[in-house]
Amino acid sequence: MTKEKLLGSQVQHLLSTLSDHGTQHLNEVETDLVQTSFLLGEAIQKLGTSFMAIHEAIASQQQTIDLLLSGATLTPEIAENLKARHGEIGKHVNAAVTGLQFQDMTGQLISRTVRRVIGLREVLGGLSAGSASISESNAEEIVATLHTINTVLEEQSVKLESALWKAVCQTHMESGDIELF
Amino acid sequence: MAKTILAVDDSGSLRQMVVFSLRAAGYQVTEAVDGQDGLEKAKGQIFDLVLTDQNMPRMDGLTLIRSLRGLPTYQKVPILMLTTESSDEMKSKGRAAGANGWLVKPFDPQRLTEVVKKVIG
């Protein structure tokens, strides 16, 4: 193979590797951000629903209390109504507690995204540093430099991927499974 | 006397929800911000149950469980994982480390309380 062809082959390999690994990392970033958006959207919807339901239950409870304060007799129906409202409030508070856990999950996803972006920036920084001497090199040296850059780029990208274990796979704010061993 | 629970999680908001749920059910809850903090607190007091997250700085949940199981005082204390991790592989690792159960986040307070009640009464 001629020097020109060798050089062309190394440049093609470098651009192809850069494109493949860059795309792979950006796809992961996109997936994590979309998942974060789903979780946030659902959590806010759940919290809004819980907030309104708690407000309605408390307003209904207050009406009954006002009735009693105005001198009405405490009948079994009124007692039952108060008990039902109390249960309803508890149920919606529980739903809100489940929804409020969004910060833990979305925080993990955002943290993973940030670490990936920082890692990708470092990989690209290495690419720039590795190519600094190319302008003063001959064709053989350029081929050798590009080969080294390729190897380092692939190694760093694979290392970055393996360090970013995906711990959050949930796409809904429904409560999770429980298993006793 | 109220049963004591050590809740280990690096997420402040999650710990707040765990404490809210379990205190409402009558349990006495102590918080730890990561596995290392949890281990130090567990060495200072024998809790009736340990509830721990997996992914935490300084010391993760599996390492905490292994460390606790190495202490004579924690060989029989129930330890539950409360984590976003839901893979069978991680559950197997948890079981092998000495966990007694696996709860996937987000948790429902009523279900969490029921499980805790089932385990320690």
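Residues numbered from 1 in each chain as written. Chains lettered and ligands numbered in written order. Predicted model: local features only at pLDDT ≥ 70, side-chain atom pairs only at ≥ 80, totals over all residues. Heavy atoms only, no water.

As annotated in an unreviewed UniProt entry, chain B is Response regulator from Noviherbaspirillum saxi.

If you look chain A up in an unreviewed UniProt entry, it shows as Chemotaxis protein from Noviherbaspirillum saxi.

**Student:** Got a minute to help me understand the pattern of salt bridges in this structure?
**Tutor:** Close approach of charged atoms allows side chains of opposite charge to pair. What the rule picks out here adds up to 15 salt bridges over all chains. Across the pair A:D104 and B:K105 runs a salt bridge whose closest N-O atoms are separated by 2.9 Å. Residue A:D104 is found in helix α3 (residues 102-130), and its partner B:K105 is found in the loop between β5 (101-104) and α5 (109-120); the two belong to separate chains. Overall, the relative accessible area of 1% leaves B:K105 in the buried class. The partner of B:K105 in a salt bridge is B:D53, and the shortest N-O contact between them spans 3.3 Å. Residue B:K105 is found in the loop between β5 and α5, and its partner B:D53 is found in the loop between β3 (49-52) and α3 (61-69); the two are separated by 52 residues along the sequence. By the burial criterion, B:K105 is buried, and B:D53 matches it. A single network of salt bridges, built from pairs that share partners, joins A:E28, A:D32, A:R112, A:R116, A:E161 and A:K166. (Salt bridge = Lys/Arg side-chain N within 4 Å of Asp/Glu carboxyl O. Helix = DSSP H or I, 4+ residues; strand = E, 2+ residues; numbered from the N terminus. Buried < 20%, exposed > 50% of the residue type's maximum accessible area, 1.4 Å probe, protein only.)

**Student:** Would you mind going over unusual backbone geometry with me for this structure?
**Tutor:** The phi torsion of most residues other than glycine is negative, and most of the peptide bonds are trans. All names here are of chain B. The amide bond that connects K105 to the next residue, P106, takes the cis arrangement and shows omega of -5°. With respect to the helices and strands, the residue P106 is situated in the loop between β5 and α5. Look at R58: it is not a glycine, yet its phi comes out positive at around 70°. As for its position among the elements, R58 is in the loop between β3 and α3. R58 gets classed as exposed once you look at its relative accessible area, which sits at 62%.

**Student:** Where do I start with the UniProt feature "domain: Response regulatory" (unreviewed entry) in chain B in this structure?
**Tutor:** Here, UniProt's "domain: Response regulatory" (unreviewed entry) annotation points to residues 4-120 of chain B. Each end of residues 4-120 of chain B is marked by a C-alpha atom, and these two atoms are 10 Å apart; helix forms 46% of the span and strand 20%. (UniProt positions renumbered as here; feature names shortened; annotations may be inferred.)

**Student:** Could you clarify how one ought to interpret a nonpolar patch on the surface in this entry?
**Tutor:** On the surface, A:I110, A:V114 and A:I118 cluster together to form a nonpolar patch covering roughly 230 Å² of accessible area. Take A:I110: its relative accessible area is 41%, and that puts it in the partly exposed class. (Patch = residues over 30% accessible without salt bridge, like charges linked within 9 Å, V, L, I, M, F, W, Y side chains within 5 Å. Areas by Shrake-Rupley, 256 points an atom, 1.4 Å probe, with all protein chains shown as cover.)

**Student:** Just to check I follow, could you spell out the side chain of A:H25 for this structure?
**Tutor:** All names here are of chain A. Position of H25 relative to the elements: it lies in helix α1 (residues 3-69). Residue class for H25 comes out buried when judged on its relative accessible area of 1%. Apart from the residues within four sequence positions on either side, H25 is in contact with R116, L120, S157, L160 and E161. (Contact = heavy atoms within 4.5 Å.)

**Student:** Teacher, can you tell me more about the side chain of B:S13 here?
**Tutor:** Within the fold, B:S13 resides in helix α1 (residues 12-24). Of note is the side chain of B:S13, whose polar atom sits 3.0 Å from the side chain of A:Q103. Setting aside residues up to four positions removed in sequence, B:S13 forms contacts with A:Q103 and A:D104. (Polar contact = N/O pair within 3.5 Å; in protein donor to acceptor, adjacent residues only side chain to side chain.)

**Student:** Help me out: how do you make sense of empty space enclosed by the protein in this one?
**Tutor:** A probe matching the size of a water molecule, rolled over the atoms, marks out where space remains unfilled. Residue and element names in this part refer to chain A. Going through the model one piece at a time under the given rule, you end up with one cavity of 30 Å³ or more. Quantified by volume, the largest cavity comes out at close to 30 Å³. Every residue lining the largest cavity is listed: L18, H21, G22, H25, L120, V123, L124, L153 and S157. Looking at the lining of the largest cavity, the elements that each hand over two or more residues are α1, α3 and α4 (139-163). Class assignment for the residues of the lining of the largest cavity results in five nonpolar, four polar and no charged. (1 Å grid on protein atoms, 1.4 Å probe; cavity = no way out; pocket = protein on both sides within 12 Å on 5 of 7 lines; lining within 4 Å. Points joined across faces, edges and corners; volume = space filled by probe spheres on them. Nonpolar A, V, L, I, M, F, W, Y, C, P; charged D, E, K, R; others polar.)

**Student:** Hey, could you run me through the pairing of strand β4 (residues 79-83) of chain B in this one?
**Tutor:** Strand residues, when the strand is regular, have side chains that alternate between the two faces of the sheet. All names here are of chain B. Burial within β4 is extensive, with five of its five residues counted as buried. Alternating positions in β4 separate into two faces, I79, M81 and T83 on one and L80 and L82 on the other, with burial throughout. In this region the chain leaves β3, passes through α3 and returns to the parallel neighbour β4; the handedness of that crossover is right-handed. Of the pairings in the sheet, the one linking β4 to β5 comprises four bridges and is parallel in character. (Right-handed = clockwise from strand over helix to strand, strands pointing away. Pairing = 2+ DSSP bridges.)

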